[in-house]
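Chain by chain, the residues run as shown.
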Amino acid sequence: KLSMRTLSPAQLKRVEALFADIPSRRAPGCAIGLARAGEPLLAQGFGLASIEQDAPITPDTGFRIASVSKHFTVAAALLLQAQGRLGLQDPVGRHLDGLPDWGQVVRIEHLMRNTSGLPDFLELLRLGGVGMEQRLDRAAMLDAIRRSGHLNFEPGSRFLYCNSNFLLLGLIVERLAGQRLDAFLQTHLLGPAGLDDTAMLSANDNVTPGLAAPYLPDPAGGYKRALHGFEHGGEGGLVSSVKDLLRWSAALLQPDSPLAALADPSTLSSGQPSPYARGLEHSQWLGRDCVGHGGLWPGYRTEFLLMPAEQLAAVVISNDAGRN
C-alpha cells in the first residue's frame, strides 16, 4: 500500500493502477514522488531494486538519474559565475586547453543552453564502433570532442541536445574550482540542500549501498543486467532518490530561489524561442507550463517534472529499461 495518504482515495487508486503489473512478478520497477508547494503528497516504490537480492524499491532507493544531472552541473557553474570566476559569455577555450579551432566562438552560455553546435561525444563514439558496454574514462570522451574539428551549426542559432556541452561544462567547473565535480557539488549544493541520497559517481563499478541494479527485458523471458562501462561527468553522473529529488524540487520552485536562473527562457540568434533553458527544458502538459528534464541510461529511466504555476513536482525513476 502507498505510504502517504494526502491524496484522495481515487487519486491513490489511479497511481496504483499504473504499477499494477509489478507486484505480481519478480521484476524491477519504479519509484514515484509527488509534491505540492514543497510538501510531499506521495513517495512510494514498486518492484525490486535488486531481483537477485529480492530487495524492494523504496523512496530512499538510489538510481542513476542520467541527464537530470545536467542542471546540477549548470547550478555549479552559476555558483562560480556569482563568485566572479567565470562569465556566461566566456569562450570555452578560455577555461579548457587543447580544444580545436571550430571557426566560431563557443561560449559557456551555449553549453548550458544546448546551442553550441558541438557534435555529441556519445554519437561520435558510437559512429566509431564504441558501445556503451566498453570501459571508457572521461579523458577518452574529451579526446573524442577534441578530435572533432567541426560544428553542426553556428553557435546560438539552433537548439540541439548534446552531451558534449555538459561534459565540458563539468570539466570547466573542476578546473576553476580546483577540485573534482563530485566534491564541489557535495560541498556547495548537495550537502547544503540536505540531499543525503544524491552523489556524483563517475565510475560504474563502485560498490554503492542502496543503488538499484539496472535491468533490460530478456528476449528469452525475464530480465538481464544492463551493461554500461562509460565513466560519467557533468552530463549525467548523479545518483539520487525520489525523496531527494522532491526535496530539491522544493528549492527550485521557491519564487525567490537563486536557482531560478536555471529555468530562464532561451532565445536563438534568429529571435525564435528555444525550448531549452539551462540544463532544464520547457514543455507543456494539458496546456499547463512545465519545466524539467528526462534521463536515460542503460537500465535506468528518469522523469523530473515541475509545474511552477501550480507549485507541483512529479518524479518517476525506473530501473527497468523496458518501462516507459
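Structure: above.
Attention here is on the structure that accompanies the text.

The rules behind these values
Residues numbered from 1 in each chain as written. Predicted model: local features only at pLDDT ≥ 70, side-chain atom pairs only at ≥ 80, totals over all residues. Heavy atoms only, no water. Helix = DSSP H or I, 4+ residues; strand = E, 2+ residues; numbered from the N terminus. Rg over C-alpha atoms; globule rule 2.2 N^0.38 Å. Buried < 20%, exposed > 50% of the residue type's maximum accessible area, 1.4 Å probe, protein only. Areas by Shrake-Rupley, 256 points an atom, 1.4 Å probe, with all protein chains shown as cover. Lys, Arg positive; Asp, Glu negative; His and termini not counted. Charge placed at Lys NZ, Arg CZ, Asp CG, Glu CD. Pairing = 2+ DSSP bridges. Contact = heavy atoms within 4.5 Å. Core = buried A, V, L, I, M, F, W, Y, C linked by side-chain atoms within 4.5 Å. Arc of directions from axis to C-beta. Salt bridge = Lys/Arg side-chain N within 4 Å of Asp/Glu carboxyl O.

## Description of the overall build of the chain
Next up, step 1: On a plain count of helices and strands, the chain comes out with eight helices and 15 strands.
Next up, step 2: Against the globule reference of 20 Å for 324 residues, the chain gives a C-alpha radius of gyration of 20 Å, in line with a compact fold.
Next up, step 3: Taken along its principal axes, the extent of the C-alpha atoms in the chain is 60 × 45 × 35 Å.
Next up, step 4: Expressed as a percentage of its 324 residues, the buried residues of the chain come to 52%.
Next up, step 5: For the chain, the exposed area adds up to about 14,400 Å²; of that, 53% sits on carbon and sulfur atoms.
Next up, step 6: Looking at charge distribution, the chain has the averaged site of its 29 positive side-chain charges lying 3 Å from that of its 32 negative ones.

## Points about the pairing of strand β2 (residues 39-46)
Next up, step 1: In terms of burial, β2 is largely enclosed, as six of its eight residues are buried.
Next up, step 2: Pairing between strand β1 (residues 30-36) and β2: seven bridges, direction antiparallel. Paired with Leu34 across the two strands is Leu42, which belongs to β2.
Next up, step 3: Counting the residues in the hairpin turn of β1 and β2 gives two residues, including Ala37, whose phi is positive at 50°.

## A word on the environment of Ala313
Next up, step 1: Within the element layout of this structure, Ala313 appears in strand β15 (residues 312-318).
Next up, step 2: The class for Ala313 is buried, based on a relative accessible area of 4%.
Next up, step 3: Note: C-alpha distance between Ala313 and Cys290 (23 residues apart in sequence) is 9.5 Å.
Next up, step 4: Other than its neighbours up to four places away in sequence, Ala313 contacts Gly33, Leu34, Ala35, Leu246, Ser249, Leu253, Leu305 and Leu306.

## Examining the side chain of Ser266
Next up, step 1: As for its placement among the helices and strands, Ser266 is situated in strand β10 (residues 266-267).
Next up, step 2: Looking at Ser266, the relative accessible area reads 4%, which means it is buried.

## Here's the deal with the nonpolar core
Next up, step 1: Grouped together as the largest cluster of nonpolar side chains are 75 residues, with contacts concentrated most on Leu185 and Phe230.
Next up, step 2: Beyond its immediate chain neighbours, meaning those up to four positions away, Leu185 contacts Phe72, Ala76, Leu190, Gly191, Met200 and Leu238.

## Some remarks on unusual backbone geometry
Next up, step 1: Of note in this structure, Ala66 is not a glycine but carries a positive phi near 50°.
Next up, step 2: Mapped onto the secondary structure, Ala66 falls in the loop between β5 (63-64) and α2 (70-82).
Next up, step 3: The phi dihedral of Leu286 falls on the positive side, at around 50°, and the residue is not glycine.
Next up, step 4: Inspection of the secondary structure puts Leu286 in the loop between β12 (281-285) and β13 (288-297).

## As for helix α5 (residues 138-147)
Next up, step 1: Buried within α5 we find Arg138, Met141, Leu142, Ala144 and Ile145. In a view along the axis of α5, the buried residues occupy a sector of 150°, so they form one face of it.
Next up, step 2: The inward-facing, buried residues of α5 contact α4 (121-127) and α6 (163-177).

## Here's the deal with the sheet that holds strand β6 (residues 199-200)
Next up, step 1: Judged by pairing direction, the sheet is antiparallel, and its three strands sit side by side in the order β5-β9-β6 without closing on themselves. With partners counted over all chains shown, the strands left at the sheet margins are β5 and β6, one partner each.
Next up, step 2: By the bridge criterion, two bridges tie β6 to strand β9 (residues 238-240) in an arrangement that is antiparallel. Counted as the bridge partner of Ala199 is Val239 from β9.

## Things to note about the pattern of salt bridges
Next up, step 1: Here the structure, examined in full by the defined rule, presents 16 salt bridges.
Next up, step 2: Where Arg225 meets Glu52, a salt bridge forms, and the shortest distance between an N and an O atom there is 3.0 Å. On the criterion of sequence distance, the pair formed by Arg225 in strand β8 (residues 223-225) and Glu52 in the loop between β3 (48-50) and β4 (55-56) is long-range, its members being 173 residues apart.
Next up, step 3: Its relative accessible area of 43% is what places Arg225 among the partly exposed residues.
Next up, step 4: Since its relative accessible area comes to 46%, Glu52 is described here as partly exposed.
Next up, step 5: Glu123 serves as the salt-bridge partner of Arg126, at 2.5 Å between the closest nitrogen and oxygen. Within this pair, Arg126 and its partner Glu123 are both found in helix α4, separated by three residues, close to a single helical turn.
Next up, step 6: Residue classification places Arg126 among the partly exposed residues on the basis of a relative accessible area of 41%.
Next up, step 7: On the basis of relative accessibility, which here comes to 40%, the residue Glu123 falls in the partly exposed class.

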